[in-house]
There are 2 protein chains.
Amino acid sequence: MKTLNHINEERLFRNLSKSSEIGAIPGKGLRRLALSDEDKEMRDIFKAWCEKAGLTVRVDDFGNMYGRREGKKALPPVVLGSHLDTQPAGGRFDGVLGVLLALEVISTLNDHNIETDRPVEIVNFTNEEGARFEPPMLGSGGIAGVFDQEYVYSRKDRDGHSFQEELQRIGYKGEKENRLGDFHSYVELHIEQGPVLEDENKQIGIVEGIQGISWLEVTVTGEADHAGPTPMHLRKDALMAAAEIMHNLEKKIANTEVTVTVGKISASPDTVNCVPGEVYFTVDIRSTDDSLREEAVEEARTLIREVCQERQVDVETTALWNTEKIDFDKGIIDAIEESVEDSGYSSRKIVSGAGHDAKYMNNIGPTAMIFLPSVNGKSHVPSELTLDEDIISGANVLYQTTVALAEE
Amino acid sequence: MKTLNHINEERLFRNLSKSSEIGAIPGKGLRRLALSDEDKEMRDIFKAWCEKAGLTVRVDDFGNMYGRREGKKALPPVVLGSHLDTQPAGGRFDGVLGVLLALEVISTLNDHNIETDRPVEIVNFTNEEGARFEPPMLGSGGIAGVFDQEYVYSRKDRDGHSFQEELQRIGYKGEKENRLGDFHSYVELHIEQGPVLEDENKQIGIVEGIQGISWLEVTVTGEADHAGPTPMHLRKDALMAAAEIMHNLEKKIANTEVTVTVGKISASPDTVNCVPGEVYFTVDIRSTDDSLREEAVEEARTLIREVCQERQVDVETTALWNTEKIDFDKGIIDAIEESVEDSGYSSRKIVSGAGHDAKYMNNIGPTAMIFLPSVNGKSHVPSELTLDEDIISGANVLYQTTVALAEE
């Protein structure tokens, strides 16, 4: 089956290539942390592109940027987007494709002089990654009412700079009245960040929902001692306790339906010849089944408590974040599926393992996502890659889906 | 058994209390970094005390300060001492006791009008801690020929100030010919910095030597993946590999004769929702038995290799530092032991887990050490504490040992 190409590949890859320069790090990666100088530079470029495409640009109080193309009718818009921030040593595609392909949809509508019934808005959400300001998705969570403005503004990075301070500093603190209003549909195109589409040789993932996620923060407090004169049996080594916990989390809690990840760790005083007195680490637990996830969190808490009791060290385990499995909008899923079929791409239904802005958007309106294959399943690393041909497929599916939704 | 008290407690604690003011920080700690203004202030006070006690004071080219009390005969001296510098947030006793109790020995000899056969010298070594200028023990290492003058002078602190610059600035750059000459014996009294004496309720530690130390640096390289979409069986998680290694180092390599400490650890990319692709950690292995230590290092290397092979992650293990066990002088150890027995204090033989100036002094002449209990085994923290009664015991043992050695 021959596929139709609506978009302008040359323009799309020129934009992508420009984005790949802003915050570039060795190995073709990007370091474009939310509200950093690099983020500001990318935002300025994106704003200019939107204006060039005839969009009306506005910024809300969380720094979320919207570009609006009016429709023939005064109806709630179709919204497309994702985020332009990255991990500290992230890739060129995560988030970026969702925003740049949304812009390409707009430009393609312009190219073909298409007037849609509904307005189309494209959006760049602030701090999706949560790599600088925790938790992730502060921008979309803010407009969805998951986080209030005071909470978002007070989030601090490792150097003690607040979200509010940095938002103001880079000149992207906009108005509350600019927040996204009622919308007809939100479609987010994103890389899969996993190996499934590649493994099954599918071009498009039609995303039905997002796994539930629980984050725990664990602080083990033992006693800092000089490594030399302190015999093993008199130690209260916080890091050895953490090692036993981590090893058991992997062996006893994780399984084929529940993933467990310890992503962050730090020890204090962190010198070669000192028994660590305090260790901090995070635990990320995910499942497509909420009850399995909740069970795993309880088991993890018990395990942590038991190891620390046995070793006579103190421990504090706090829930940093909890989110249930979510189901996307059936109508949008059908629209994507039809576009895929019309275009002749191979596809499969899939559940996202990662959180996305679409997760919070789903709280306030009809939402779904489109996944593109990740080479070797990699993301959040400089070697993150989605092939040009898959990007073109994605842009076309997003375009056709938008046209269909905008006529509903 | 009743113990004899020779020393003047009031004088001793007045001096200690004065020292505790110089560089005082909250929590009763001291910040008296080598060659800082605080170090200069303490040196000036110490010099005045020495002169008041009738000592001839000289300073060598490393800033080491000596106070000499002549003997009846032209023999090599008995030398007592330690260091007056501290960690950035250190305690009032580490090093300080060795110098102030040496001074108290001199004053007690004066009180009792005792003329010894041998001269007695007391010494304050420069930069024992290595907290400002790395490596530690530059002053004693300098006179022992471990470090040459050019190397010591070129050491820089974090602000780029050199050892030489700072030595000159505070006015303590003396002459090379003032370095310590041949000596009969060097005795260093020090806090244990560990929990053993307190745990076994002993007043005095008779130090037989210093443990051998091996440091390894380990870098595990797996694959960084997004925590969500990557199933457990497809991961190459560097931190889970490190956790298994650390747990097994503790369970399989450490024992009552070999300590194993993982003091430093860092994971990359170090974000909550990312499987760590790289983890760096250090391993500190110590024993009083060199062959046990070397065996443990080999076993640790094998264990690390096997865990990483099994998990299909890469690993690089490098030797960062290796130092053999040091045996102190049998004659001085016997002299200390006799003094302890005569005085009626409880004691045990002990091997130091930490390095001290005595380590380098042992290279150039007969050396041994006396340990006093550390409350809760703590040192290098403001809460570092050695009880008054233990300080008095230590001063008496040091006095009697000195009297005995000075008549040999």
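- Chain A goes by Zn-dependent hydrolase in an unreviewed UniProt entry, where it is assigned to Thalassobacillus devorans.

### Brief notes about the nonpolar core
- With 89 residues, the main nonpolar core has Leu-80, Leu-97, Ile-122, Phe-328 and Ile-336 of chain A as its most contacted residues.
- Considering every element that reaches this core, the biggest residue donor is helix α3 (residues 96-111) of chain A, with 10 residues.
- Structurally, this core is a two-domain feature, drawing no fewer than three residues from each of domain 1 (9-211 + 325-406) and domain 2 (212-323) of chain A.
- Look past the residues within four positions of Leu-80 of chain A in its chain and what remains in contact with it is Ala-102, Val-105, Val-120, Glu-121, Ile-122, Val-123, Tyr-186, Val-187, Leu-398 and Thr-402 of chain A.
- Residues Ala-53, Leu-100, Tyr-153 and Ala-335 of chain B belong to the second largest nonpolar core, which totals 85 residues.

### Concerning the packing of helix α8 (residues 238-253) of chain A against helix α9 (residues 290-310) of chain A
Residue and element names in this part refer to chain A.
- Where α8 contacts α9, the two axes come as close as 10 Å, and the packing angle between them is 145°. As for the relative orientation of α8 and α9, their crossing is right-handed in sense. Taking contact as the criterion, the partners of Ala-241, Glu-244, Ile-245, Asn-248, Leu-249, Lys-252 and Ile-253 in α8 are, on α9, Ala-296, Glu-299, Ala-300, Leu-303, Ile-304, Val-307 and Cys-308.

### Some thoughts on a negative patch on the surface
All names here are of chain A.
- The grouping of Glu-257, Asp-289, Glu-295 and Glu-299 at the surface amounts to a negative patch.
- Secondary-structure assignment places Asp-289 in the loop between β14 (278-287) and α9.
- Looking at Asp-289, the relative accessible area reads 31%, which means it is partly exposed.

### A closer look at the relation of the copies chain A and chain B
- Rotating chain A by 178° about the axis while translating it 2.4 Å along that axis superimposes it on chain B, leaving an RMSD of 2.9 Å.
- Same-surface contact between copies: 87% of interface residues of chain A are shared with the interface of chain B.

### Details of the domain arrangement of chain A
All names here are of chain A.
- Considered domain by domain, chain A is made up of domain 1 (9-211 + 325-406) and domain 2 (212-323).
- Distance from the C-alpha centre of domain 1 to the C-alpha centre of domain 2: 34 Å.
- Every contact between the two is made by 13 residues of domain 1 and, on the other side, 12 residues of domain 2.
- Of the roughly 1000 Å² buried between domain 1 and domain 2 on both sides combined, carbon and sulfur atoms contribute 53%.
- Its largest share of buried area at the contact with domain 2, domain 1 owes to Glu-134, Gln-211 and Lys-325, together 50% of the area lost on that side.
- In this structure, the connection of domain 1 to domain 2 is made through one salt bridge.

### Description of the environment of Asn-124 of chain B
All names here are of chain B.
- Considering the arrangement of structural elements, one finds Asn-124 in strand β6 (residues 120-125).
- A residue is classified by how much of its surface remains accessible, and Asn-124, at 1% relative accessible area, is buried.
- In sequence terms Asn-124 and Ser-82 are 42 residues apart; their C-alpha atoms lie 5.5 Å from each other.
- In this structure Asn-124 touches Arg-43, Phe-46, Gly-63, Asn-64, Met-65, Ser-82, His-83, Leu-84 and Val-99, once residues within four positions along its chain are discounted.

### Regarding the interface of chain A and chain B
- Facing the 61 residues of chain A at the interface are 56 residues of chain B.
- The junction of chain A with chain B conceals about 4900 Å² of combined surface from both sides, 62% of it contributed by carbon and sulfur atoms.
- In terms of surface lost to chain B, no three residues of chain A exceed Met-232, Met-240 and Val-272 of chain A, which account for 13% of the buried area on that side.
- At the boundary of chain A with chain B, the tally comes to seven salt bridges.
- Among the salt bridges present, the one from Arg-158 of chain A reaches Asp-270 of chain B, with a minimum N-O distance of 3.4 Å.
- For the interface between chain A and chain B, the tally reads 15 residue pairs in polar contact (both at pLDDT 80 or more).
- Sorting the residues of the side of chain A that touches chain B by element identifies β10 (225-226), α8, β11 (259-261), β12 (265-268), β13 (274-275) and β14 of chain A as the ones contributing at least two each.
- When residues of the side of chain A that touches chain B are assigned to their parent elements, the largest contribution, eight residues, is made by α8 of chain A.
- Split by residue class, the side of chain A that touches chain B holds 26 nonpolar, 19 polar and 16 charged.

### Observations concerning the layout of surface pockets
- One number sums up the size of the second largest pocket: a volume of about 800 Å³.
- If you trace the second largest pocket, you find 36 residues lining it, with Pro-231, Met-232, His-233 and Leu-234 of chain A together with Asn-255 of chain B closest to the centre.
- Among the secondary structure elements, those contributing two or more residues to the lining of the second largest pocket are α7 (196-199), α8 (238-253), β11 (258-261) and β17 (347-352) of chain B.
- Of all the elements, β17 of chain B adds the most residues to the lining of the second largest pocket, at five residues.
- Grouping the constituent residues of the lining of the second largest pocket by class yields 11 nonpolar, nine polar and 16 charged.

### Some thoughts on empty space enclosed by the protein
- The final tally for this structure, using the stated rule, is two cavities of 30 Å³ or more.
- Of the voids in this model, the largest cavity is the one considered here, and its volume is about 110 Å³.
- As for the largest cavity, its lining consists of 15 residues, of which Glu-128, Pro-136 and Gly-355 of chain A together with His-226 and Asn-273 of chain B are closest to the centre.
- Per-class residue counts for the lining of the largest cavity are five nonpolar, six polar and four charged.

The rules we used
Residues numbered from 1 in each chain as written. Chains lettered and ligands numbered in written order. Predicted model: local features only at pLDDT ≥ 70, side-chain atom pairs only at ≥ 80, totals over all residues. Heavy atoms only, no water. Core = buried A, V, L, I, M, F, W, Y, C linked by side-chain atoms within 4.5 Å. Buried < 20%, exposed > 50% of the residue type's maximum accessible area, 1.4 Å probe, protein only. Helix = DSSP H or I, 4+ residues; strand = E, 2+ residues; numbered from the N terminus. Domains from an automatic or database assignment. Contact = heavy atoms within 4.5 Å. Axes fitted to C-alpha atoms, helices over the stretch in contact; angles between N-to-C directions. Left-handed = near helix turned anticlockwise from the far one by under 90°. Patch = residues over 30% accessible without salt bridge, like charges linked within 9 Å, V, L, I, M, F, W, Y side chains within 5 Å. Areas by Shrake-Rupley, 256 points an atom, 1.4 Å probe, with all protein chains shown as cover. Salt bridge = Lys/Arg side-chain N within 4 Å of Asp/Glu carboxyl O. Lys, Arg positive; Asp, Glu negative; His and termini not counted. Charge placed at Lys NZ, Arg CZ, Asp CG, Glu CD. Least-squares fit on C-alpha atoms with pLDDT ≥ 70 in both. Buried area = accessible area lost by both parts, 1.4 Å probe. Polar contact = N/O pair within 3.5 Å; in protein donor to acceptor, adjacent residues only side chain to side chain. Nonpolar A, V, L, I, M, F, W, Y, C, P; charged D, E, K, R; others polar. 1 Å grid on protein atoms, 1.4 Å probe; cavity = no way out; pocket = protein on both sides within 12 Å on 5 of 7 lines; lining within 4 Å. Points joined across faces, edges and corners; volume = space filled by probe spheres on them.

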